[in-house]
Amino acid sequence: MAARGRCPECGSAALLEDAHYAQQQLVCAACGCVLAEGLLTTTYSDEGQLREVAYSQSTGQKEQLNRCEQRGIRRVQDLCKVLRLPSVFEGTAVSYFQRALQHPSFHLASLEKKELLVGCCVLATCRQHNWPLTLGTICSLLYAKQELVTSVYLSLQKELEISVPALSLSELVKTHLNSFQLFRHKEDIPVPFVEDKETLLARTMQVVELASETWLVTGRHPVPIVTAAAFLSWQSLQPPARLTCTLARFCKAVGVDLPPPAHLRLKELYDILLRMAAELAWLKVLNLNKKTVVKHLGDLLQHRIFLLKKAFCAADGEEQQGAAQAEDSSSNPPAAAGAAPDKGRPSEGKQKAESSRRPLLPPCLLHPRKRLRTAALSTSDAAVTGDEPISDSEIEQYLRGPEEIREFRAAKAWQ
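(A) Spotlight on the packing of aromatic side chains. Applying the stated criterion across every chain yields a total of six aromatic pairs. An aromatic cluster is built from F180, F193, F231, W234 and F250, whose rings are joined through pairwise contacts.

This is how it looks when you write it as structure tokens:
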């Protein structure tokens, strides 16, 4: 293509624009003098104006990318736009995706897993920047099963050695409560059910912290605990109008699915609250149950640290004292031989009191599902006591250096 102007060397007006790979050049057709050179980082639309752009958008980069990688990068960029993520996140997620495609572990991956790899790179980027994005959101956007996305996400962390911090429980509470539909009055939501978002969030955070301090979160999925905590907090803010509402109806009203273990987490929270209420002075006289204790949830959370120490630390002390008394009674048996056999057996009321005074332990220890069975020792292993003499040949097997061998021989010479 001819261009205006003349060559400063020969004065010829036959000037041509020649694209040398991705570099645009202005060349004289008469003498071959190069009048001007373009930039390597240009796109097809910017080559005429010689404007500098990012190398990821240049023609040279596009020539090196295959079709699968170009499509994956576009998918990452589109997913970041749908989630309205900052522009910094997009660059990090694209770099993770390119590194994953170059890794040998993902060379033979199926097309479905490469599609899920797009969402996993975005999820890892959000977790690194402490952005509240859950795995369920990625699954719903990609129309994929949670188990498959989890496997790809874990393999991505392992192969690329990405350090991804876990999503904090407080961020998860905020994200989960943002999906509730009871913060605005609608036709299918009664007026007494509508609640202020910030008030419910603050009360739910306190209940979740209580569950964390009493081992209810350890080893459990957090969503059922957050759901049960939100239900208790919502009931405690207006007890007269909400105590008759069940957990299933609450989940249906707020527009979230009811996790199956949420009923068990709710029962465990009721037990913790009843034990705390038994230590509060103005609640001891009341005959509280799992329904009426919700009315006093604010008082229990206000004195949470004191009540937990008094309820559970006292239970630990009583358990140790009871064990010491049992040892004394076993070492000093009663003198009366004709004592009744039921004398040492606690009554039902005492058993109930002891069960309410059990120590603060993880639920897996309080209610173990399976008891581990120790393997029976063989006859040769059972005969070993550890006092057997060690032969000289066995000792020499553990000596590695010549200095140790000389010291051992000198010690034998002194014997």
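(B) View of unusual backbone geometry. Of note in this structure, E161 is not a glycine but carries a positive phi near 55°. Examined against the element boundaries, E161 turns out to sit in the loop between helix 6 (146-160) and helix 7 (169-178). Judged by relative accessible area, E161 falls into the exposed class, the value being 70%. Residues other than glycine seldom take positive phi values, yet W215 does so here, at roughly 70°. As for its placement among the helices and strands, W215 is situated in the loop between helix 8 (197-213) and helix 9 (222-237). For W215, a relative accessible area of 36% corresponds to the partly exposed category.

(C) Just the pattern of salt bridges, in detail. In total, this model carries eight salt bridges according to the counting rule given. Between R242 and E195 there is a salt bridge, with its nearest N and O atoms 2.8 Å apart. Pair noted here: R242 is in helix 10 (residues 239-242) and E195 is in the loop between helix 7 and helix 8, with a separation of 47 residues, a long-range link. You'll find R242 and E195 in the same group, each marked buried.

Cut-offs used in this document
- Residues numbered from 1 in each chain as written.
- Predicted model: local features only at pLDDT ≥ 70, side-chain atom pairs only at ≥ 80, totals over all residues.
- Heavy atoms only, no water.
- Phe/Tyr/Trp six-rings, centres within 6.5 Å; stacked < 30°, edge-to-face > 60°.
- Helix = DSSP H or I, 4+ residues; strand = E, 2+ residues; numbered from the N terminus.
- Buried < 20%, exposed > 50% of the residue type's maximum accessible area, 1.4 Å probe, protein only.
- Salt bridge = Lys/Arg side-chain N within 4 Å of Asp/Glu carboxyl O.

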